[in-house]
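Overview (structure and organization)
Here is what each chain is made of, one letter per residue.
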Amino acid sequence: MLLQVGGAIPRSSLELLQQSSGVTQVVLAITALFSIVSWFIIGLKWWQFRRIRRQADRFFTELERTTRLQEAYTILMKQPPSPYNRLFREGINFFNELRPGVLRDDAAAPRASLTMTQLEALKMVLGKEISAERELATHLVPWLATIGAVGPLLGLLGTVLGIMDAFIGIAAKGSGNIAAVAPGVAEALITTVAGLATAIPAMMAYNYYVHRVRVFAGELEAFGNELIGTMAR
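Source: prediction; values computed, not measured.

The rules we used
- Residues numbered from 1 in each chain as written.
- Predicted model: local features only at pLDDT ≥ 70, side-chain atom pairs only at ≥ 80, totals over all residues.
- Heavy atoms only, no water.
- Helix = DSSP H or I, 4+ residues; strand = E, 2+ residues; numbered from the N terminus.
- Buried < 20%, exposed > 50% of the residue type's maximum accessible area, 1.4 Å probe, protein only.
- Contact = heavy atoms within 4.5 Å.
- Patch = residues over 30% accessible without salt bridge, like charges linked within 9 Å, V, L, I, M, F, W, Y side chains within 5 Å.
- Areas by Shrake-Rupley, 256 points an atom, 1.4 Å probe, with all protein chains shown as cover.
- Salt bridge = Lys/Arg side-chain N within 4 Å of Asp/Glu carboxyl O.
- Phe/Tyr/Trp six-rings, centres within 6.5 Å; stacked < 30°, edge-to-face > 60°.
- Lys, Arg positive; Asp, Glu negative; His and termini not counted.
- Charge placed at Lys NZ, Arg CZ, Asp CG, Glu CD.

It is worth spelling out the environment of Ala202 at this point. If you trace the backbone, Ala202 turns up in helix α7 (residues 178-232). Looking at Ala202, the relative accessible area reads 0%, which means it is buried. Separated by 55 residues in the primary sequence, Ala202 and Ile147 have C-alpha atoms spaced 6.6 Å apart. Look past the residues within four positions of Ala202 in its chain and what remains in contact with it is Ser38, Leu144, Ile147 and Gly148.

See the structure below:
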């Protein structure tokens, strides 16, 4: 791993990379791949949560303009698919099965409130839909935690292998002065820097998106509870 005896001493990080050993380059290549995957997931989830936020704003804006259940169902089902209108559709369809004609101006439709058993069944239906939407929002987020945990370990592995190789080179040369040791140690530490540079953004993004998923699930649960309360009345 020690740079070639008598070779040019690297004057910059770029030169150090160009003169690095095969082991270091392999570790850096894997780390770079992890970094690319990490940033792809970060960008994808940012776009997904931004879209969900726009869908929520549009959904609740339209919902506030309506005063009747039939009107709300007709308008909201015309919107593009979103977690909110899917939850609304599941609740209304289940309610319509319990109270046929509730989505029509049917004077003969039963108007009695739901029983406790029916309300519990409705909660289970909505809870299942909320769990499904939470799973969709969480998709790929755990990979950020994996990359954040593996990145530093991969960098440390490259550093340990590099230092071992450097000491082997020092022993072979029979020289332990700073000029002989420094290039090899510096090369070994590059993988640690690369691992940390990969892990830090991944872990920050993971914590942020876990928070976003928690807020999103809380909004769905609050809307589901409001929907249950409306149907119970």
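Moving on to a nonpolar patch on the surface. Side chains of Val23, Leu156, Leu157, Val160, Leu161 and Met164 sit close together on the surface and give an oily, nonpolar patch of about 500 Å² of accessible area. With five residues, helix α6 (residues 141-173) is the largest single contributor of residues to the nonpolar patch. Among the secondary structure elements, Leu156 is positioned in helix α6.

Time to look at the packing of aromatic side chains. For the coordinates displayed, the defined rule picks out ten aromatic pairs. Pairing Phe60 with Phe223 gives two aromatic rings, centres 5.5 Å apart and planes at 85°, and the pair type is edge-to-face. Of this pair, Phe60 sits in helix α2 (residues 22-65) while Phe223 sits in helix α7, and the two are 163 residues apart along the sequence. Given the relative accessible area of 4%, Phe223 is considered buried. Among the aromatic side chains, those forming a connected cluster through ring pairs are Phe59, Phe60, Tyr84, Phe88, Phe216 and Phe223.

Inspection of the secondary structure puts Phe59 in helix α2. A residue is classified by how much of its surface remains accessible, and Phe59, at 0% relative accessible area, is buried. If sequence neighbours within four positions are ignored, Phe59 has contacts with Leu76, Gln79, Tyr84, Asn85, Phe88 and Phe223.

Taken together, the side chains of Arg50, Arg51, Arg54 and Arg58 define a basic patch exposed on the protein surface. Since its relative accessible area comes to 45%, Arg50 is described here as partly exposed.

This part takes up unusual backbone geometry. Phi is positive for Leu140, which is not a glycine, with a value near 80°. By the secondary structure assignment, Leu140 is in the loop between α5 (116-138) and α6. Residue Leu140 is classed as partly exposed on the basis of its relative accessible area of 21%.

As a further point, take the pattern of salt bridges. All told, the structure shown has six salt bridges when counted by the stated rule. Glu219 is paired through a salt bridge with Arg53; the nearest N and O atoms lie 3.0 Å apart. Of this pair, Glu219 sits in helix α7 while Arg53 sits in helix α2, and the two are 166 residues apart along the sequence. Each of Arg53, Asp57 and Glu219 takes part in one network of salt bridges that share partners.

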